[in-house]
Number of protein chains: 2
Amino acid sequence: MTVRNLVVVGVGLIGGSLAAGARAKGLAERIIGIEPNPQSANYALAQGLVDEIVAEVPGDTDLCALCVPSDLVAEWVLKLADHAATVIDVGSVKAPIVEAVQTAASPVTNFVPCHPISGSEKSGPTGADAQLFDGCAVVITPLPQGDGQRQAQTEEFWQRLGTRVQVMSPAEHDRALAVTSHLPHLLAFAFMQRVTPSHTGLTGGGFRDFTRIAGADPELWWRILRLNKDSVIESARQFGDDLQQLIAAIENNDSTVGLAQLRNAAEKKTSTKKNGHE
Amino acid sequence: MTVRNLVVVGVGLIGGSLAAGARAKGLAERIIGIEPNPQSANYALAQGLVDEIVAEVPGDTDLCALCVPSDLVAEWVLKLADHAATVIDVGSVKAPIVEAVQTAASPVTNFVPCHPISGSEKSGPTGADAQLFDGCAVVITPLPQGDGQRQAQTEEFWQRLGTRVQVMSPAEHDRALAVTSHLPHLLAFAFMQRVTPSHTGLTGGGFRDFTRIAGADPELWWRILRLNKDSVIESARQFGDDLQQLIAAIENNDSTVGLAQLRNAAEKKTSTKKNGHE
């Protein structure tokens, strides 16, 4: 199934990459952008990421991808509740979006909540990359009253874009992503506070990779950490306990506890590598 | 200046890479290995990393690179104190090595303590890579009574191997590396304790890069963390304070404090990238 009209709302890094990927893989006949920032809009047009820029979602849209910040998604979904298009999003935190959508007077049926687990420390359409989603995981957290056909259409779209789709509840998603994505960002942000100009030139490849995510967009990430705050704080507290245990083991030369943590870390790293999902 | 006989003690990842790099760049006429593990020794010979494997450092050795675990370095240095060769090491923690060497009855003058800030999550000579040191920083922490000519010879060797050399005190080195290398490892090890099989397939590129160092050799890293424990624990405690501040900001929706940390992290990441040293 090829989409006739694909609308991308928000042609930044993710929206631009979605448009570029859909174009490269022939998933849509026409790709239309909605982008309030004139610089981003002009860039997206000039690069052929989109065929045109419009102000409102056209009536004959089949699939509308909301690539706006998470806290703006629900508003767009409610506005499009009576539209014929299937509406998807790419927000990193799902429960707050689903909860906000469920406050609607009449249940929304055309929205399929999605989260492609991919990103980059770049931002804006200049970072758009048709391969950004290749091999990445996409989580779908369907609304209870969601339309099964629209969900199937959405799964097919993501699969044809080159991703692996998993379905789970918004709460499960948010708890898991707190650990696999939000906590690493939190730790990398906090870690960078310790880095000073005196460390210049004393860093190696480990530092470079460990801190890559510290360069992520601060405003975007502050919103994500706030939106998923309960799970993020819980994970951070549990991490703090593990760290205290490791520090105490170093201090007391308790190699039973210390080495056990390091070996456990190395084994888990090997197994996350082996499953081929990273 | 080309070294006639280069001896590499410990032909593992680092020793094997040093041998391979020296060979590739024509830095030594003959490269001789000392390696108690017969499997590693045979591999190093078969791959041509070394020309021969011997049991003792030959009398006509010019440069002897101790690529053994940090806690074995001082013993080797003291054994070679009267040897004509210049002796260097590659240990990640310098003060304990220098302190142990300084306990000698007559001051050691042929040892130049070194730390190439490079590594890999691989281990053993099968991970040896002639390019491992390309562009990396090497810190030299000279002994007060060290021989200036031997230090100059050592600097030239590292420079010709493709590295940038910095000279500082052992204490300065250990404090800086606690932040730029040992703390990131500590945090990655502790972080992995939170990862469970339920997270399989829910990880992206951020997770992959952030946790790469968690796969490092547990025994080696337990030794490093223990050897530099004062600086490591101090850095970890200061990190803990920053993390607590960030968690509190998320909890209280204090975007002044929270966003300031995230922006500070992003700016520092940009500047460590810009200086071209990562």
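Residues numbered from 1 in each chain as written. Chains lettered and ligands numbered in written order. Predicted model: local features only at pLDDT ≥ 70, side-chain atom pairs only at ≥ 80, totals over all residues.

Draft legend 1. Region of interest: the overall build of chain A. Across its full length, chain A holds ten helices and nine strands. Its C-alpha atoms give chain A a radius of gyration of 21 Å, within 12% of the compact-globule value 19 Å for 278 residues. Counting over 278 residues, chain A shows a buried share of 54%. Across chain A, the fraction of contacts at a sequence separation of at least 24, relative to all contacts at a separation of at least 6, is 70%. (Helix = DSSP H or I, 4+ residues; strand = E, 2+ residues; numbered from the N terminus. Rg over C-alpha atoms; globule rule 2.2 N^0.38 Å. Buried ≥ 20, exposed ≤ 12 C-beta atoms within 10 Å, placed from the backbone. Contact = placed C-beta atoms within 7 Å.)

Draft legend 2. View of the interface of chain B and chain A. In this complex, chain B contributes 77 residues to the contact, which on the side of chain A involves 77 residues. Of all the secondary-structure elements, those providing two or more residues to the side of chain B that touches chain A are strand E9 (164–167), helix H6 (170–192), helix H7 (205–210), helix H8 (218–227), helix H9 (229–251) and helix H10 (255–274) of chain B. A per-element tally of the side of chain B that touches chain A places H6(B) first, with 15 residues. Of the residues assigned to the side of chain B that touches chain A, the class counts are 37 nonpolar, 27 polar and 13 charged. (Nonpolar A, V, L, I, M, F, W, Y, C, P; charged D, E, K, R; others polar.)

Draft legend 3. Here's a closer look at the relation of the copies chain B and chain A. Once turned by 180 degrees and shifted 0.0 Å along the axis, chain B lies on chain A with an RMSD of 0.0 Å. Between the two chains, the operation in question is that of a two-fold axis. Every residue of chain B has its C-alpha some distance from the rotation axis, and the shortest such distance is that of B:Phe210, at 2.1 Å. (Least-squares fit on C-alpha atoms with pLDDT ≥ 70 in both.)

Draft legend 4. Structural context of helix H6 (residues 170–192) of chain A. All names here are of chain A. Relative to the 33 Å expected for 23 residues at 1.5 Å per residue, H6 spans 31 Å between its end C-alpha atoms, a close match to the ideal helical length. Remark: the principal bend of H6, roughly 50 degrees, maps to alanine 178. In terms of residue burial, H6 counts as a mostly covered element, since 21 of its 23 residues are buried. (Expected span 1.5 Å × (residues − 1). Bend = angle between axes of the 7 residues up to and from the residue.)

Draft legend 5. Representation of unusual backbone geometry within the structure. One non-glycine residue, A:Asn253, adopts positive backbone phi at about 50 degrees. Assignment of secondary structure puts A:Asn253 in the loop between helix H9 (229–251) and helix H10 (255–274).

Draft legend 6. Here's a closer look at the confidence of the model for chain A. The pLDDT averaged across chain A works out to 94; a share of 97% of its residues lies at or above 70. Under the prediction, the complex receives an ipTM of 0.89, its pTM being 0.90. (pLDDT = per-residue confidence, 0-100.)

Draft legend 7. Representation of the sheet that holds strand E4 (residues 63–66) of chain A within the structure. Residues and elements named next belong to chain A. Ordered in space as E3-E2-E1-E4-E5-E6, the six strands form an open sheet in which the pairing is parallel. Each edge of the sheet is formed by a strand with only one pairing partner; in this case those strands are strand E3 (52–53) and strand E6 (111–112). When E4 meets strand E5 (residues 86–89), the two strands line up parallel, connected through four bridges. Within E5, the position partnered with alanine 65 by the bridge is isoleucine 88. Sitting on the sheet, helix H5 (residues 148–160) is in contact with E4, E5 and E6, with an inclination near 50 degrees to E5. (Pairing = 2+ DSSP bridges. Axes fitted to C-alpha atoms, helices over the stretch in contact; angles between N-to-C directions.)

Draft legend 8. Broad picture of the domain arrangement of chain A. Residue and element names in this part refer to chain A. Split into domains, chain A comes out as domain 1 (3–168) and domain 2 (173–274). Computed over C-alpha atoms only, the centres of domain 1 and domain 2 are separated by 30 Å. Counting residues at the interface gives 14 residues for domain 1 and 13 residues for domain 2. Only helix H3 (70–79) and helix H4 (95–101) provide two or more residues apiece to the side of domain 1 that touches domain 2. Along the lines of polarity and charge, the residues of the side of domain 1 that touches domain 2 split into six nonpolar, five polar and three charged. (Domains from an automatic or database assignment.)

Draft legend 9. Geometry of H9(A). For H9(A), which comprises 23 residues, the first-to-last C-alpha distance of 32 Å matches the rise-based estimate of 33 Å (1.5 Å per residue) to within 8%. Within the sequence span of H9(A), burial applies to A:Lys229, A:Ser231, A:Val232, A:Ser235, A:Ala236, A:Phe239, A:Leu243, A:Leu246, A:Ile247, A:Ala249 and A:Ile250. Its buried side turned inward, H9(A) meets H6, helix H8 (218–227) and H10 of chain A together with H6, H8 and H9 of chain B. Remark: A:Asn253 follows H9(A) within two positions and exhibits a positive phi of approximately 50 degrees.

Draft legend 10. The arrangement of the nonpolar core in detail. Grouped together as the largest cluster of nonpolar side chains are 186 residues, with contacts concentrated most on A:Val8, A:Ala65, B:Val8 and B:Ala65. Ignoring sequence-local partners within four residues, the contact set of B:Val8 consists of B:Gly15, B:Leu18, B:Ala19, B:Ile31, B:Gly33, B:Val50, B:Ala65 and B:Cys67. (Core = buried A, V, L, I, M, F, W, Y, C linked by C-beta atoms within 7 Å.)

Draft legend 11. Highlighting the pairing of E4(A). Residues and elements named next belong to chain A. Of the two faces of E4, both are covered, the one formed by Leu63 and Ala65 as well as the one formed by Cys64 and Leu66. Examined bridge by bridge, strand E1 (residues 3–9) and E4 share four bridges and lie parallel to one another. Across the sheet, the residue bridging to leucine 6 is leucine 63, located in E4. Of the crossover connections in this fold, the one passing from E4 over H3 to the parallel E5 is right-handed. (Right-handed = clockwise from strand over helix to strand, strands pointing away.)

Draft legend 12. Region of the structure containing the environment of A:Lys25. All names here are of chain A. Structurally, lysine 25 can be placed in the loop between helix H1 (13–24) and strand E2 (28–34). C-alpha of lysine 25 to C-alpha of leucine 161: the two residues are 136 residues apart in sequence and 6.8 Å apart in space. Residues in contact with lysine 25, not counting those within four places in the same chain, are Arg160 and Leu161.

Draft legend 13. The arrangement of the environment of B:Arg194 in detail. Looking at where B:Arg194 falls in the secondary structure, it is placed in the loop between H6 and H7. When sequence neighbours within four positions are dropped, the list of residues in contact with B:Arg194 reads A:Val179, A:Leu183, A:Ser235, A:Gln238 and A:Phe239.

Draft legend 14. Geometry of the environment of A:Val179. With respect to the helices, strands and loops of the structure, A:Val179 is situated in helix H6. Between the C-alpha atom of A:Val179 and that of A:Val139, which follows or precedes it by 40 residues, the distance is 15 Å. Non-local contacts of A:Val179, meaning those with residues more than four positions away in its chain, are made with A:Ser235, B:Arg194, B:Val195 and B:His199.

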